[in-house]
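# Structural overview
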Amino acid sequence: MKKHIAVIPGDGIGPEITTEAIKVLDAVAHAYGHEFHYTYADMGAIAIDKTGNPLPEATLKASLESDAVLFGAIGDPKYDNNPNAKVRPEQGLLAIRKALGLYCNIRPVKTFDALLHQSPLKEERVQGTDFVMYRELTGGIYFGEKKLSEDKNTASDLCQYTRAEIERIAHKAFAAARKRRNILTLVDKANVLESSRLWRRVVTELHEKNYADVKLEFLFVDNAAMQMILAPNQFDVLLTSNLFGDIISDEGSVIGGSIGLLPSAAVGDKHALFEPIHGSFPQGAGKGIANPIAMILSAAMMLTHFDMDQEAAAVATAVDLALATGVCTPEVFPENNYSTSDVGDFIAKNIA
Ligand code: IPM
Ligand code: MN
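Residues numbered from 1 in each chain as written. Chains lettered and ligands numbered in written order. Predicted model: local features only at pLDDT ≥ 70, side-chain atom pairs only at ≥ 80, totals over all residues. Heavy atoms only, no water.

## Some points on the site of ligand 1
- In the neighbourhood of ligand 1, the contacting residues comprise Glu-90, Arg-97, Arg-107, Arg-135, Tyr-142 and Asp-246.
- Here an oxygen atom of ligand 1 sits 2.7 Å away from a polar atom, N or O, in the side chain of Arg-97.
- In the model, an oxygen atom of ligand 1 is placed 2.8 Å from a nitrogen or oxygen of the Arg-107 side chain. (Near = heavy atom within 4 Å. Polar contact = N/O pair within 3.5 Å; in protein donor to acceptor, adjacent residues only side chain to side chain.)

## Observations concerning the side chain of Asn-242
- Structurally, Asn-242 is set in helix 10 (residues 242-253).
- Only 3.4 Å separates the side chain of Asn-242 from the backbone oxygen of Leu-137, close enough to count as a polar contact. (Helix = DSSP H or I, 4+ residues; strand = E, 2+ residues; numbered from the N terminus.)

## Quick look at empty space enclosed by the protein
- Enumeration according to the criterion identifies one cavity of 30 Å³ or more in this entry.
- Residue lining of the largest cavity: Val-109, Lys-110, Phe-112, Gly-252, Ser-253, Gly-256, Ser-258, Leu-261 and Leu-262, and that is the complete set.
- Breaking the lining of the largest cavity down by element, the ones donating at least two residues are strand 4 (104-110) and helix 10.
- Partitioning the lining of the largest cavity into residue classes produces four nonpolar, four polar and one charged. (1 Å grid on protein atoms, 1.4 Å probe; cavity = no way out; pocket = protein on both sides within 12 Å on 5 of 7 lines; lining within 4 Å. Points joined across faces, edges and corners; volume = space filled by probe spheres on them. Nonpolar A, V, L, I, M, F, W, Y, C, P; charged D, E, K, R; others polar.)

## Describing the pattern of salt bridges
- Evaluation of the coordinates by the stated rule reveals 18 salt bridges.
- Among the ionic pairs, Lys-189 bridges to Asp-222, the shortest N-O distance being 3.2 Å. On the criterion of sequence distance, the pair formed by Lys-189 in the loop between strand 8 (183-188) and helix 8 (194-210) and Asp-222 in helix 9 (residues 221-230) is long-range, its members being 33 residues apart.
- Residue Lys-189 is classed as buried on the basis of its relative accessible area, which comes to 19%.
- One salt bridge in this structure joins Glu-194 and Arg-197, with 3.0 Å as the shortest N-O distance. In this pair, Glu-194 and Arg-197 are both assigned in helix 8, three residues apart and thus about one turn of the helix distant.
- Glu-194 sits in the exposed class, given a relative accessible area of 52%.
- Within the structure, one salt-bridge network assembled from shared partners comprises Asp-130, Arg-180, Arg-181 and Asp-236. (Salt bridge = Lys/Arg side-chain N within 4 Å of Asp/Glu carboxyl O. Buried < 20%, exposed > 50% of the residue type's maximum accessible area, 1.4 Å probe, protein only.)

## Concerning the domain arrangement of the protein
- Partitioning the protein into domains gives domain 1 (1-103 + 268-352) and domain 2 (111-130 + 139-259).
- Between domain 1 and domain 2, the residue contacts involve 16 residues of the former and 12 residues of the latter.
- In total, domain 1 and domain 2 occlude about 1300 Å² of area from one another, counting both sides; carbon and sulfur atoms represent 69% of this.
- Summed over the three residues of domain 1 that lose the most area to domain 2, namely Tyr-103, Ile-277 and Leu-323, the buried surface amounts to 41% of that side.
- Joining domain 1 to domain 2, the criterion identifies zero salt bridges.
- For the interface between domain 1 and domain 2, the tally reads two residue pairs in polar contact (both at pLDDT 80 or more).
- For the side of domain 1 that touches domain 2, the elements supplying multiple residues, two or more each, are helix 5 (89-99) and helix 12 (309-324).
- Considering each element in turn, the side of domain 1 that touches domain 2 owes the most residues, four residues, to helix 12.
- In terms of residue class, the side of domain 1 that touches domain 2 is made up of nine nonpolar, three polar and four charged. (Domains from an automatic or database assignment. Contact = heavy atoms within 4.5 Å. Buried area = accessible area lost by both parts, 1.4 Å probe.)

## Observations concerning the environment of Glu-90
- Secondary-structure assignment places Glu-90 in helix 5.
- Among the residues examined, Glu-90 registers a relative accessible area of 30% and is labelled partly exposed.
- Between the C-alpha atom of Glu-90 and that of Ile-74, which follows or precedes it by 16 residues, the distance is 6.5 Å.
- The contact partners of Glu-90, leaving out residues within four places of it in the chain, are Ile-74, Gly-75 and Asp-80.

## Remarks on helix 11 (residues 293-305)
- For helix 11, spanning 13 residues, the distance from its first C-alpha to its last is 18 Å, which sits close to the expected 18 Å at 1.5 Å a residue.
- Of all 13 residues making up helix 11, 11 are buried, and the element is well covered by its neighbours.
- Within helix 11, burial applies to Ile-293, Ala-294, Met-295, Ile-296, Leu-297, Ser-298, Ala-299, Ala-300, Met-301, Met-302 and Leu-303.
- Backbone geometry just downstream of helix 11 places Asp-307 in the positive-phi region, at approximately 65°. (Expected span 1.5 Å × (residues − 1).)

## Notes on the layout of surface pockets
- Here the largest pocket is characterised by a volume of approximately 1200 Å³.
- What lines the largest pocket is a set of 34 residues, and nearest its centre among them are Ile-106, Pro-108, Arg-180, Met-301 and Thr-304.
- Sorting the residues of the lining of the largest pocket by element identifies strand 4, strand 5 (130-136), helix 7 (163-179), strand 11 (263-267), helix 11 and helix 12 as the ones contributing at least two each.
- Among the elements that make up the lining of the largest pocket, the one with the highest residue count is helix 12 (six residues).
- Looking at the lining of the largest pocket residue by residue, the classes come out as 21 nonpolar, three polar and 10 charged.
- Each of two domains, domain 1 (1-103 + 268-352) and domain 2 (111-130 + 139-259), supplies a minimum of three residues to the lining of the largest pocket.

So this is what it looks like as structure tokens:
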């Protein structure tokens, strides 16, 4: 198969981990007879520095014309602590999600047996954790009307959802549950928020009409945050709105012991983007200590999106082998001294 991939390395450690993911994709192309064509583009702080725009036209064009976008990381400390900054790197990511219609963010949380001892939680609690979060990504409070009063002393962000926005991601989440353990948990704050009550109504109706075979459960987001610590292995598919999903996916990402291991996908009806869950880790940039596995597994999710299931499985197997044999960066195996590129080399070499 021939695929056109827009590659956006981004900021901080983004470029280093992207190099490793491309290494692995090239190994897959070689082993399975595919042709991957890459178009490189800028987004985030690097794009602001070069063009003044966090999402330059050329990047958007390359992304719209691609079969998929592979994206590294975004963010730079020089913007983080400046509430008055007019342009921010993150605006690039939010704009590309909106422009490509990537309303469905899929974030799997899976523990690796070889790393259970790394978890901040007790091993017996995290063992067997394997759930996936479906986070709405182009609506809610992230994109609602923002207001700041003239005297700058009052501010608000509107959290608005429509039935259509809820239905389209709920369809995807129910379908995912059917292919897994058949349980969908809607995470909301329906005891307080009108928008959450709309989510409950719409999801319940859809369940009765189309997905009655799936077990549907409800959890308030505060309780969900607690349950994810107490017994993360109870969940199968979690469905939630944009902001709640942002927060609980960071919580979920460390259950397995390193935030450097978890990939994600953002999909819509026409386009798809794949990126690790972690940020740009600016303190680690250029040191060869960034864990490329989340990025490599994001590339594997892209392969699944291309219907290359065998290829994706080959990447996952090579990653498992790396972790089982101690080939990972210092935050996972401090004693072993493997660099970002060592890990990428090992995984690429082990693509069957
Ligand atoms: C994420 C990030 C983004 C978000 C930021 C960088 C805008 O935290 O992908 O989770 O809040 O969605
Ligand atoms: Mn986040």
